[in-house]
Amino acid sequence: MPIIPEFLYDINHPDAPLTAGQRLHELKSTITTTSSPCPVNNNKVPDENFNDTLATIEPTVNASVQLERDRQLRHQDLVEETVDVGMMLASKAFVQLIANPFVGPLTHKIGYSIPMFAGFIIMFLSTIIFAFGRSYGVLFTARALQGIGSSCSSVSGMGMLAERYPDDKERGNAMGIALGGLALGVLIGPPFGGLMYEFVGKSAPFLILSALALGDGLLQLLMLQPAVVRQESEPPSLKALATDPYILIAAGSITFANCGIAMLEPSLPIWMIDTMNAERWKQGATFIPASVSYLIGTNLFGPLGHKMGRWLAALLGLVIIGVCLMCIPLAKSINDLIIPNAGLGFAIGMVDSSMMPELGFLVDIRHSAVYGSVYAIGDVAFCLGFAVGPAMSGTLVKTIGFEWMLFGIAILNFMYAPLLLFLKNPPTKEEKKSLITGEKSSVRYVTYQNEEDDE
């Protein structure tokens, strides 16, 4: 973003690219300021200058009418474009949804490092395809291929962190930093893509990204040294995790938290073009406040969520997300989008940085400490938001409008938030067994504070 929406529009409308639409807006403003009112002849005597004045005004009026017709046609084309862009963006998430149930159990058998390295290779190839793709089909394939690479990287990365940091507080801090890395990519991506596309061209930003990905692959070879590592503990089944109501509540909050921003990705740049005639760099810059605040939120609520209760941090995050989504359609300029976008990113950071370590904690106390499958579920939840959001956004914008689409997802966030109360004191594995057998468990779980907390 924001390269693909405008690039697809331009290849579908070679005779009327979006830059022409911006010139159209400027021309309309010029006509409005230079046109003069029709003179009134109160004496009903033909004025010798009257016909000359009519001859001057008539072409201006006709041009203004034609410009208005062009604007309406352009609006319809942009709404249609939202559907195509949404489907392309959603293709990655749909493929990732399919891949996650396979990648999670695979990490139990061969470890985390090899799937992570495989993810790098796939992401590198998809970026190269994006650089040279010139048709919707090729770009769609590249985007879908990213889903497999992201599945390998995300599931392996989170599982590796959960394994390396068994202490709940340290795990939250580590995952907060990791999610901050995700935020940094999202922060740099849109403005970098917008500026490079504006001044250099479409291929340049993707070629630079592929070079960075290559550097990442070399670091993995040096630091992680990919090799097969088998898990010693017996992993919980994917079915057992997927039917655990507490894991489902935590995963569901990730889905609803990210669904709103996922709907905005394809629709907000096009809505800005339609209502504000926003230039390319502005379309990219509008996501900067969300990315900066997400970076702050993930790093802040990694440790803070452990202290205040991760369930509470996520609950408050969903409420703030709903409020910010309802404020976005009220914006009249790019400046009006800064506060709601910043609040949206911060609140999503609250939910993600709280619920990702919570998934590992729930596996520890209710199943066994093997994390590949539970983070496959967490990634499925994340991808579900980014699959449903873009896929539905185009249709919803077309049927109920941009404003009501965001109001609807805001209401869903408000309705889901109270469910997080169930995560306040989730029962442990022994407590769950005693409920089934009707016996009292002899095992008790005590929460210990770190010495750092006492200080």
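In this text, all values refer to a predicted model and were calculated from it rather than measured experimentally. (Residues numbered from 1 in each chain as written. Predicted model: local features only at pLDDT ≥ 70, side-chain atom pairs only at ≥ 80, totals over all residues. Heavy atoms only, no water.)

**Student:** An account of a nonpolar patch on the surface is requested, with residue identities and associated values reported.
**Tutor:** On the surface, V292, I296, L300 and L304 cluster together into a nonpolar patch covering about 290 Å² of accessible area. Owing to a relative accessible area of 32%, L304 belongs among the partly exposed residues under this scheme. (Patch = residues over 30% accessible without salt bridge, like charges linked within 9 Å, V, L, I, M, F, W, Y side chains within 5 Å. Areas by Shrake-Rupley, 256 points an atom, 1.4 Å probe, with all protein chains shown as cover. Salt bridge = Lys/Arg side-chain N within 4 Å of Asp/Glu carboxyl O. Buried < 20%, exposed > 50% of the residue type's maximum accessible area, 1.4 Å probe, protein only.)

**Student:** So, the packing of helix 12 (residues 310-327) against helix 15 (residues 402-416): which residues are in play, and what are the values?
**Tutor:** Interhelical geometry of helix 12 versus helix 15 gives an angle of 165 degrees and a closest axis separation of 8 Å. Between helix 12 and helix 15, the angle is such that the two are roughly antiparallel. With respect to the hand of their crossing, helix 12 and helix 15 are arranged in left-handed fashion. On the side of helix 12, the interface is formed by L318, V319, I321, G322, V323, L325 and M326, while helix 15 contributes L406, F407, I409, A410, N413, F414 and Y416. Across the contact of helix 12 with helix 15, the residue classes tally to twelve nonpolar, two polar and no charged. (Axes fitted to C-alpha atoms, helices over the stretch in contact; angles between N-to-C directions. Helix = DSSP H or I, 4+ residues; strand = E, 2+ residues; numbered from the N terminus. Parallel < 35°, antiparallel > 145°, perpendicular 65-115°, else oblique. Left-handed = near helix turned anticlockwise from the far one by under 90°. Contact = heavy atoms within 4.5 Å. Nonpolar A, V, L, I, M, F, W, Y, C, P; charged D, E, K, R; others polar.)

**Student:** I'd like a rundown of the confidence of the model for the protein, residues and numbers included.
**Tutor:** On average, residues of the protein carry a pLDDT of 77, and 75% of them reach 70 or more. Per-element confidence in the protein is highest for helix 12, whose mean pLDDT is 93, and lowest for helix 2 (residues 18-34), whose mean pLDDT is 41. Across residues 20-46, where pLDDT falls below 50, the model places 26 contacts with residues more than four positions away in sequence or in other chains. Taken as a whole, residues 434-455 scores under 50 in pLDDT and shows 13 contacts with residues more than four places along the chain or in a different chain. (pLDDT = per-residue confidence, 0-100.)

**Student:** Give me the environment of S368: which residues, what numbers.
**Tutor:** By secondary structure assignment, the location of S368 is in the loop between helix 13 (338-366) and helix 14 (372-399). Considered as a pair, S368 and S233 are 135 residues apart in the sequence and their alpha carbons are 7.5 Å apart. In contact with S368, other than residues within four places in its own chain, are E234, P235, P236 and V363.

**Student:** Please provide a residue-by-residue account of the environment of L161, values included.
**Tutor:** Among the structural elements, L161 can be located in helix 5 (residues 136-164). Placed 210 residues apart in sequence, L161 and Y371 show a C-alpha to C-alpha distance of 9.4 Å.

**Student:** I'd like a description of the packing of helix 9 (residues 245-276) against helix 13, backed by residues and values.
**Tutor:** In contact at an axis separation of 9 Å, helix 9 and helix 13 are set at 155 degrees when each is read in the N-to-C sense. When the axis of helix 9 is compared with that of helix 13, the two are roughly antiparallel. Of the two elements, helix 9 crosses helix 13, and the hand of that crossing is left-handed. Across the interface between the two elements, Y246, I247, A250, A251, S253, I254, A257, N258, I261, L264 and L268 of helix 9 pack against N341, L344, I348, V351, D352, M355, M356, L359, L362, V363 and R366 of helix 13. Across the contact of helix 9 with helix 13, the residue classes tally to 17 nonpolar, three polar and two charged.

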